[in-house]
Amino acid sequence: YGVKFDCISTGIHSTANGPFQPLTKKMEMNFSRNVDRVYDQFKQVVASGRSLDLDYVQLVAQGRVWTGEQAKEIGLVDELGGISRAISYAKRNHTSDGDADVEMWPKRKTLMD
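Scope of this entry: the structure provided in the associated data block. Not measured: the values here are computed from a predicted model. (Residues numbered from 1 in each chain as written. Predicted model: local features only at pLDDT ≥ 70, side-chain atom pairs only at ≥ 80, totals over all residues. Heavy atoms only, no water.)

1. Examining the overall build of the protein chain
Note the following rule: Helix numbers and strand numbers start at the N terminus; a helix is a DSSP run of H or I with at least 4 residues, a strand a run of E with at least 2. Here the globule rule reads 2.2 Å times residues to the power 0.38, and the radius of gyration is calculated from C-alpha atoms. A simple rule labels every residue: compare its accessible area, found with a 1.4 Å probe on the protein chains alone, to the largest value its type can have, and call it buried under 20%, exposed over 50%, or partly exposed in between. By definition in these notes, contact holds between two residues if any of their heavy atoms fall within 4.5 Å. Only the protein chains shown count as cover for residues, and all accessible areas are computed by the Shrake-Rupley method using a 1.4 Å probe. Note that His is not counted, nor are the chain ends; the positive residues are Lys and Arg, and the negative ones are Asp and Glu. Charged side chains are reduced to one point each, which is NZ for Lys, CZ for Arg, CG for Asp and CD for Glu.
Within the protein chain one finds four helices and zero strands. Starting at the N terminus, the α and β elements of the protein chain follow one another as α-α-α-α. Relative to a compact globule of 113 residues, whose C-alpha radius of gyration would be 13 Å, the protein chain shows 22 Å and is clearly more extended. Expressed along its principal axes, the backbone C-alpha trace of the protein chain runs to roughly 55 × 50 × 30 Å. Here the protein chain holds 113 residues, and 11% of them are scored as buried. Of the contacts made within the protein chain by residues no fewer than 6 positions apart, 13% connect residues no fewer than 24 positions apart. Within the structure as shown, the protein chain displays about 10,200 Å² of accessible surface, and the carbon and sulfur contribution to it stands at 55%. Once the 15 positive and 15 negative side-chain charges of the protein chain are each reduced to a mean point, those two points are 6 Å apart.

As structure tokens, then:
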């Protein structure tokens with residue numbers, strides 16, 4: 001179709017996220033290291049925020065997905081509820097007047113959309 005792609009890079013990793021560049025072993029190692037670093041930081045935040053031992057968080061984490069009931073049983077959440085309940089909690093506990101404007105994304109489509 002005559003489509004060409006060119007790239008002017010500023011460094012050896014500057015095109016690492018580009019969809020038209022092959023993923024090298026070095027890039028893959030760099031991505032993996034960064035994912036591990038972010039995941040470790042996430043587990044530390046969970047442990048600190050939930051007052052849980054980091055070893056316990058690492059035991060229950062391991063990239064798993066828990067149902068709300070399971071998460072409550074193992075101490076990852078305090079109570080169950082949907083988005084409306086979470087917004088009400090945040091307004092009540094994290095604003096000076098108990099109110100805030102909330103914008104939901106993605107926007108719901110109307111019939112005209």
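There's more to say after this.
2. Concerning a nonpolar patch on the surface
Note the threshold: Two joining distances apply to patches: 9 Å for like charges and 5 Å for nonpolar side chains (Val, Leu, Ile, Met, Phe, Trp, Tyr), and every residue must have over 30% relative accessible area and no salt bridge. Salt bridge, as used here, is a side-chain nitrogen of Lys or Arg placed within 4 Å of a carboxyl oxygen of Asp or Glu.
Taken together, the side chains of Y1, V3, F5 and F20 make up a nonpolar region of the molecular surface, amounting to roughly 620 Å² of accessible area. On the secondary structure map, F20 appears in the segment before helix 1 (25-50). Overall, the relative accessible area of 52% leaves F20 in the exposed class.

3. With respect to the environment of L111
Among the structural elements, L111 can be located in the segment after helix 4 (83-94). With relative accessibility at 89%, the residue L111 sits in the exposed group. In sequence terms L111 and P19 are 92 residues apart; their C-alpha atoms lie 35 Å from each other.

4. Regarding the pattern of salt bridges
A side chain of one charge can pair with a side chain of the opposite charge when the charged atoms of the two come close. Following the criterion strictly, the structure yields five salt bridges and no others. We note a salt bridge from D40 to K43, for which the minimum N-O separation is 3.5 Å. With a gap of three residues between them, D40 and K43 both fall in helix 1, about one helical turn apart. Judged by its relative accessible area of 37%, D40 is partly exposed. Owing to a relative accessible area of 10%, K43 belongs among the buried residues under this scheme. The partner of K91 in a salt bridge is D99, with the nearest N and O atoms 3.8 Å apart. Owing to a relative accessible area of 22%, K91 belongs among the partly exposed residues under this scheme. By relative accessible area, which is 48% here, D99 ends up partly exposed.

5. Examining unusual backbone geometry
Backbone torsion omega between W105 and P106 reads -5°, so that peptide bond is classified as cis. Note that P106 resides in the segment after helix 4. Not every positive phi belongs to a glycine, and Q62 is a case in point at roughly 50°. As for its placement among the helices and strands, Q62 is situated in the loop between helix 2 (54-60) and helix 3 (68-73). By relative accessible area, which is 52% here, Q62 ends up exposed.

6. Concerning the packing of aromatic side chains
Where two aromatic rings form a pair, the distance of their centres and the angle of their planes describe that pair. Keep this limit in mind: Stacked, tilted and edge-to-face are the three classes applied to pairs of Phe, Tyr and Trp rings, where Trp contributes its six-membered ring and a pair requires centres within 6.5 Å; stacked means planes under 30 degrees apart, edge-to-face means over 60, and tilted covers the rest. Consider the ring centre and the ring normal. A charge sits over the ring if Lys NZ or Arg CZ is within 6 Å of that centre and within 35 degrees of that normal.
Inspection of every chain in the model, using the stated rule, returns zero aromatic pairs. For K107, the ring lying beneath its charged end belongs to W105, and the centroid distance is 5.3 Å.

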